[in-house]
Every structure is written in C-alpha cells, then in structure tokens.
Amino acid sequence: MTKHILSIDQFTRKDIEKLFKRAEHFKAIVEKDGGTDLLKGHVSANLFYEPSTRTSSSFAAAMYRLGGNVIPINDVQYSSVSKGETLEDTVRTLEQYADVIVLRHPDVGAAKRAAGVASVPIINAGDGVGEHPTQALLDLFTIFEEQGRVDGLSVAMLGDLKNGRTVHSLAKLLALYDVELLAVAPNELAFPPEYGKVKTYESLDKVIDKADVLYVTRVQKERFASLEEYEKVQGSYIIDGDVANKMKKSASIMHPLPRVGEIHFDVDANPRAAYFRQMRNGLYVRMALLEQVQAN
Amino acid sequence: MTKHILSIDQFTRKDIEKLFKRAEHFKAIVEKDGGTDLLKGHVSANLFYEPSTRTSSSFAAAMYRLGGNVIPINDVQYSSVSKGETLEDTVRTLEQYADVIVLRHPDVGAAKRAAGVASVPIINAGDGVGEHPTQALLDLFTIFEEQGRVDGLSVAMLGDLKNGRTVHSLAKLLALYDVELLAVAPNELAFPPEYGKVKTYESLDKVIDKADVLYVTRVQKERFASLEEYEKVQGSYIIDGDVANKMKKSASIMHPLPRVGEIHFDVDANPRAAYFRQMRNGLYVRMALLEQVQAN
Amino acid sequence: MTKHILSIDQFTRKDIEKLFKRAEHFKAIVEKDGGTDLLKGHVSANLFYEPSTRTSSSFAAAMYRLGGNVIPINDVQYSSVSKGETLEDTVRTLEQYADVIVLRHPDVGAAKRAAGVASVPIINAGDGVGEHPTQALLDLFTIFEEQGRVDGLSVAMLGDLKNGRTVHSLAKLLALYDVELLAVAPNELAFPPEYGKVKTYESLDKVIDKADVLYVTRVQKERFASLEEYEKVQGSYIIDGDVANKMKKSASIMHPLPRVGEIHFDVDANPRAAYFRQMRNGLYVRMALLEQVQAN
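Residues numbered from 1 in each chain as written. Chains lettered and ligands numbered in written order. Predicted model: local features only at pLDDT ≥ 70, side-chain atom pairs only at ≥ 80, totals over all residues.

Undergrad: Explain unusual backbone geometry to me, using residue names and the numbers behind them.
TA: Residues B:Leu257 and B:Pro258 are joined by a peptide bond in cis, for which omega reads 0 degrees. Looking at where B:Pro258 falls in the secondary structure, it is placed in the loop between β9 (252–254) and α9 (275–294). Residues other than glycine seldom take positive phi values, yet A:Leu257 does so here, at roughly 60 degrees. Mapped onto the fold, A:Leu257 is located in the loop between β9 (252–254) and α9 (275–294). The buried category is assigned to A:Leu257, around which 22 C-beta atoms lie within 10 Å. (Helix = DSSP H or I, 4+ residues; strand = E, 2+ residues; numbered from the N terminus. Buried ≥ 20, exposed ≤ 12 C-beta atoms within 10 Å, placed from the backbone.)

Printed below as a string of structure tokens:
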C-alpha cells in the first residue's frame, strides 16, 4: 500500500516517537554536513494550488537536504495543468514524473481525493480549513525539543482558537499525551470542545506563570462583530518583553508565523522565544516524513 | 555543429530507432534506481514564454533524473528578461549560464530563430501552432511500447483534426512507417491532406473495432459555426467505458491531456487506457533527447 | 562573524585579486567539467522581491555548478511570506532552511537590514537605487579578463551616467586602480562627481579611438525634459558596426544588458563585443562569491 501523510489522525504515539527519532537524526546530519544522499534520484512535485512560500520552501529544503530534487509548481491556478483539468488527473500526470507529491489545496479533503488515485505518496501540505498535519507534527516536535518531554506539560494556546486550524491539530496531537491544555481567547473566538479538553480563560494573566508552552496565534480584526469588540480584547493578546519575562524561565513561546504584531520584536532575543527554532524543526520533521514515505 | 531539436522533420526512421532504444534504457534505469548521473554538472534553462506546467515538469524531471539541474523561467512575459529584449538576446544571455535551453514560445519559428544564434542546443518545447516535436516523439514511442511495433498498425485519430498540432505532427512521423491512418472528425474539423494520407470517417462506429490505436483529442465548442452544430457531433466523439470495450482487446487509447470530458473516468482502469503511461513515456523520451544533445 | 556581500565598499584591491583568482579557477572548472561538488549539501534561498530573471538565473546556475541547490522565491509580493511580514522575519525564517540568502529588494539598505538579523550570509543582488555589488564585480572581472589588466586603462562610460547604479558602482571599484575614467553623456545625464574623478565629454567622437573599454548604458526617454531634447542626443549614443570599428583593435565593448537599441546587432560578431562574455563572467564571479561566504 502506498504511504500517504494525510491527517494527524493516522499517527499513534509510537509512530510519532519513531518519526521524531528520525527528525533528530536528520537534525544532527544537517548541522554536521548540510545533508545526505538518502533520497538521491528521487523527485518531489510540490503542487501548490495556493501560494505558501514558507511551507513550499521548507519542503524544498527538506528534499534537497535528503539528496533529492524538486519540481516546484506554484502557480497552478494560472497554469495549463489546471485548465479545466481535475485534481485527480493532475495528480495522475505528475506521478509519472515524480516519486512523491506535496499538495497544498484550498479545498477540504483535496489531499484525500489525491491519495485516492495516486500511486505515489501524497503529503498533505494543507487542505483549506481541513488539515495541515506536517505543521502539527513540527509544533509537537518543537515542544519535545524545547521542553525535553511532552507528558506533564501545561500548554497554553492564545488568540483566535476558534478558527485556527493550527491549534486544533496541535490539540488533537497533544491529546495523545498527558498534557494540561489551557486556552486563552475572547469568548467569540473560544476553543471548540470537539478538538480536545481544555481549561478556558479570557485573560492571559491567569496562565502566564503556569504555562510551559505558550502557543500564540493571530487575532484577526475581521473575526469580530465590531471594531470596538476587537479593540477591547486585542491588547491583551500581545506578547512583549515584559509579558514574556513573567513566564517560567524554562517556558517556550511558539507561533506558526507569520506574526503581525502578536509578538513584539523585543521578545526575539529572549531564550523563551522558540518560533524561529520551530521553523527549523519543520525542516527536520519534513525530512523524516519524506524519508518515511519514500524509503523502500 | 550544435545539435538542436527543432522539428520532427529532422528525424529519420533510424534516428528514431536509436532514440527509442535510449528511451527504453532510461525507462529501465528510472524504474530501478530513479535516475543516473549521466548529465551531472549540466544545467538546463527551461525558458517558457507561455505556461505549460505539464511540459516543463516533464523536462525538469528528465533533467533531474539524468543528474542535471534546471533553471525554471516560467514567467517570461512579466520578467526583466523580456523587458524589451529580443528572444535572440535572451537566448544568448541564458546560454552563458546553461548547457541547453528548452524553449516554449507562442510564435511559430521561435525555436528556429533561437537556434540561429545559440551556441548551446535548443529544444523546441512548442512554438505556437508550429511544432512540438517532443510530444510527437513521445506519442510514437507510446505506440511502439504499447503495441510492440508501429509497422502494420491501424491508427485512428479522433476529434478536432483540423487544428490539432499534436495529431499533425504524429501523422507526419507515422508516415515514416507502414501505418493505416484513420481520421474520425466532423467535416468542419477534418484532417488537412498536407499532413499525410488518411481515410476519413464522420463516425467512430466505422473504425472502433479496427483500430489498434485510438488517439483522442478535444473538440472545442469555439471551433463550430453554431452551438447546434457542436451539439450534433459532440456526443459521438466521447469515449466511455462501453465505447472502449468495443475496441480490440489489444488496442491502446491515447490522449495528449489535459482531457475535458472526451474520455470518461470509467475508462481509466481499462487496460486499453494508455494516456497516463503516455505521460510517463514523455519522461523517458525527453531523457533520451537531452542525452542526445548534451552527450559529448 | 557571518560574511555578507553587501557593498563594493567592503572590497580592497587585495580582496578583489583573491576573488578573481577563484573566479578564474571556476571558469576553468566549468569549461572542463561543468561544475564541482564544493558546495554539495548547501542550499541557497534566492529571495527576489522584484523580478530579475537575469540575476536570479545567474545565481542559480552558480549554485548548481558548485554542487548546491536553490530555493527560488520569485514572487514575494504575492506570496504568503510577505503577507504583512517584515523583511527581517522573512529572512529569519528562510535562514532556517537555507545556508545563504541572495536578496533582491526595491528598497535601498534592504540587504544591510537583512544582514543585521541574519545568521547566514546575505548576498545583495540589488537593493533599489542602492547597490548591486555582484554586478560591479563581474564588470571589473570582465575588464580584467578582456584586457589582461586594469591599471593603465582608459575606460569610457556612455549614456545615462546620472541614474545608472551600474556605472556608479563600477566607477567606485575602478577608483582602486590607476584608470583614466572618461564619461560621455548629455548634460542632463552627467556623471555625478561623488562617484569618482572623470573627464566629461558630450560627444563620443572625442573618446572613441582612445578608450580601451567602452561601457554602454541605456538612455531612457523618460529622463529628458522633452522628447526634442531626447531626440537631439539619442543618436549619438548608439553603437553600430561603424562606430565599433573606430575603436582600438584591442578595445572591449561592454553593456549590463538588456540592451534596447543602444548597441546594434551587427556589433555582436565584432571581437570587441564583450557583453555576452560579461554575462558569462557573472557566473564565475558569483561562484567565487558563493564560495567565499559558504566555505568553512
């Protein structure tokens, strides 16, 4: 059976442990040699129906550092591939050229549809408001790397917890562990119960000195009923140097990036600031995932 | 003399035999190892003045699987290269960086113009309504692979045979062989006699059980004088599972893709459906062509 | 300390000599083998906030021919990277994936800002009307290659010497040598004295038989007060075969390209025409610069 990466639901704790061991292995290799020849001769088609330079760059670097190569397809809307062609046909065409397809698509379920016809592995790099499993895995890996463990941690999530695909997926993964999940969000943007058991707070003050991990997300103006409502809460969801320093010494501040004001630049030099290391971890986790679906 | 791939007219039967032997060689290599290092150190500039993700992806994969690298230039209209610069100057610039230029251009004769000034090989990847020689060669290679031979076959072409560059080029290549060419098209879209000797039919029924190969192309609404004329014929040029099963057991159904309704999805699992293998063959034929123009 | 390439001001004569020796080394390697494995395992992020196919292709080829790989980011304006994200954050993200960032940006000082936060080397590939140091270095290298020396030469610059970033940077580099700088430009577009000591002429006739090097730039209509003013001078700044032949036998005609009429096509076959070799030299100089910032 072809191995696809479609959803975090397909991962057990054991799968994750195995994956993270390989991610750490690749971290050591990249730091020492830049890369390896493990996937020499392999070609990835990075099929992005919507732009995501961050994710596509990360997957490209992962493939290069494994010795493979990448066909970047970034402009699908305007390209001949999409000229009336179904996603299924595009996938069946690209699998003639490539050994793996990394798919970003605006429609929920696109990756699953692609996997339904593909004879090469599909890696879901985000399907609309659906899933973005590699993001959730790199987030979890970052917690593991920063804190040395996952069990027994308090993880606070901050911001728009209603609409954020990222926090929902992370919460689902954390449910595999013995984690205290703390949610800090305005009522309008509260964490939906179906994604896991959380303690809910409206103010950051209540959790700031308890959290081992603070996962910050953006609060978008458009999500509020009125500008007044937005302005009432907005300030309380911004992390600056003072707020950061109220956290445990060992705490980690994470953010999926890009940030637009949620975390001040004066936090960047704080040892708690983990968000750029988080990006780096994305490289290692994606190398491990590519290995997993490509290795014989 | 620099070796260019500009037109199918430059190929004799012997050239084609030699080329197909190499394509089969590369097929074996790709299936076994993914690729080779034959063109290690070589760089291709894929200069696409109009988008064609399918063709550019195929050439990119071919170069990668030969051990070479690719500079993808997909947005020439908007790029600084084209800012008032002639095609000739762009080519003379890119040949400073690359060992071969794969050129797609909307103007007939563009590849020949490029070859007129280039000191590296030019591969014509389509010049408007002119030629697309690598497509014709991969089509012929597919017939050869699917049927085991070309001489003695009945090849039926279906759809818009008046405007299709693809079928014209294939017909010219098939004229090098002992092939019975059958054309099925509405009167308005009949096969032009200058591209080869064909037997013409208006209905698919007449040829469906005779053809060894059925080459399907799209019938575009815009080509008809009226919508009524279009609707009158349209249905008779669509291949579904029932139509496919009326064909010889050993028959092959081909299509240059993308398809937009001409072949139903229920044909895809039919062993006669050769159109995705046809894409795959494009990879091998382009590897052989790149080797031919790059080998010392 | 991280090594960046931000400005020509950071180069001494000795630095340049060392760099050009490596450029010549890479020229020999490329001509013999196509490339080397010196930067195997290295990944460059080519971050272009404005399109420049010529420069990005040159850097891509340089990286490939050193055995490295390239993440091309050509569409930053429209991409998620730029969605409200600062240049600094984008740089700190990409350095997680790449070993070097080649940056093209419309704002003066952008490369310096990037270098201020980056832990990997930044190479300035043009920051607005600021600097484009790799262009100036390849220009100087071309003079060295064509003439066998720099000291003692007469270098004439022609065209719009007021607005041309290219000629200003080259003039600054030439000031490190014993060079006679001749400027031929209409009064409106005269060479600004702050970039070096030049002798100024309004007519090319005065310098045509004296110059060892003629560096031609474009005279843009938009720069003139009136169309009449433009038409008055325009003809006198065009190099055709006759003008070229008035030059010394050993003279070199250079142009940063693209040209739009400033140099006639009938000059191309003239041995003095160095502008395509100049492009080629860009490859070698950029290989030497990439080595310089990446070698351990």
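This is not the end of the story, as more comes after the structure.
Undergrad: Which residues make up the domain arrangement of chain A, and what are the values?
TA: Residues and elements named next belong to chain A. Domain annotation of chain A identifies domain 1 (8–132 + 282–294) and domain 2 (134–279). Mapped by element, the contributors of at least two residues to the side of domain 1 that touches domain 2 are α1 (13–33), β4 (122–127) and α9. Examining the composition of the side of domain 1 that touches domain 2, we find that 5 residues originate from one element, α1, more than from any other. For the side of domain 1 that touches domain 2, a count of residues per class yields 10 nonpolar, 2 polar and 4 charged. (Domains from an automatic or database assignment. Nonpolar A, V, L, I, M, F, W, Y, C, P; charged D, E, K, R; others polar.)

Undergrad: Residue-level account of the sheet that holds strand β5 (residues 154–158) of chain C, with values.
TA: Residue and element names in this part refer to chain C. Sheet architecture is open: 5 strands sit in the order β7-β6-β5-β8-β9, paired in parallel fashion. The sheet is open, and its two edges are formed by β7 (199–201) and β9 (252–254), each paired on a single side. Strand-to-strand twist in this sheet, taken as the mean axis angle between neighbours without regard to direction, amounts to 20 degrees. Pairing analysis gives 3 bridges linking strand β6 (residues 180–184) to β7, with the strands arranged parallel. Within β7, the position partnered with Leu-182 by the bridge is Lys-199. Packed on one face of the sheet, helix α5 (residues 133–147) meets β8 (213–216) and β9 and runs near 160 degrees to β9. (Pairing = 2+ DSSP bridges. Axes fitted to C-alpha atoms, helices over the stretch in contact; angles between N-to-C directions. Contact = placed C-beta atoms within 7 Å.)

Undergrad: Before we move on, can you summarise the pairing of strand β8 (residues 213–216) of chain A with the specific residues and values?
TA: Residue and element names in this part refer to chain A. The alternating pattern of β8 places Val-213 and Tyr-215 and Leu-214 and Val-216 on opposite faces, both of which are buried. Two strands pair when backbone bridges link them, and strand β5 (residues 154–158) and β8 are joined in this way by 4 bridges, in the parallel orientation. The residue bridging Met-157 from the neighbouring strand is Tyr-215, located in β8. Across 3 bridges, β8 lies against β9 in parallel orientation. Of the residues in β9, the one forming a bridge with Val-213 is Ser-252.

Undergrad: How would you explain the interface of chain C and chain B if you had to name every residue and give the values?
TA: Each partner contributes to the interface: chain C provides 21 residues, whereas chain B provides 22 residues. For the side of chain C that touches chain B, the secondary-structure elements that each account for two or more residues are α2 (53–65) and α9 (275–294) of chain C. Broken down by class, the residue content of the side of chain C that touches chain B amounts to 10 nonpolar, 6 polar and 5 charged.

Undergrad: Outline the relation of the copies chain C and chain B, listing residues and values.
TA: Screw-axis analysis of chain C against chain B gives a translation of 0.0 Å along the axis, an RMSD of 0.0 Å, and a rotation angle of 120 degrees. Seen this way, the second copy is the image of the first under a three-fold rotation axis. (Least-squares fit on C-alpha atoms with pLDDT ≥ 70 in both.)

Undergrad: Before we move on, could you go through the sheet that holds strand β6 (residues 180–184) of chain A and cite the residues and values that matter?
TA: Residue and element names in this part refer to chain A. Within the open sheet, the 5 strands sit side by side as β7-β6-β5-β8-β9. Their pairing is parallel. Looking at which strands have only one partner, the edges of the open sheet turn out to be β7 (199–201) and β9. Taken pair by pair, the neighbouring strands of this sheet meet at an average axis angle of 20 degrees, ignoring direction.

Undergrad: Kindly report on the interface of chain C and chain A, identifying the contributing residues and their values.
TA: In this complex, chain C contributes 22 residues to the contact, which on the side of chain A involves 21 residues. Breaking the side of chain C that touches chain A down by element, the ones donating at least two residues are β1 (43–48), β2 (69–73) and α3 (87–94) of chain C. In terms of residues, the side of chain C that touches chain A owes the most to one element, α3(C), which gives 4 residues. Classifying every residue of the side of chain C that touches chain A gives 9 nonpolar, 8 polar and 5 charged.

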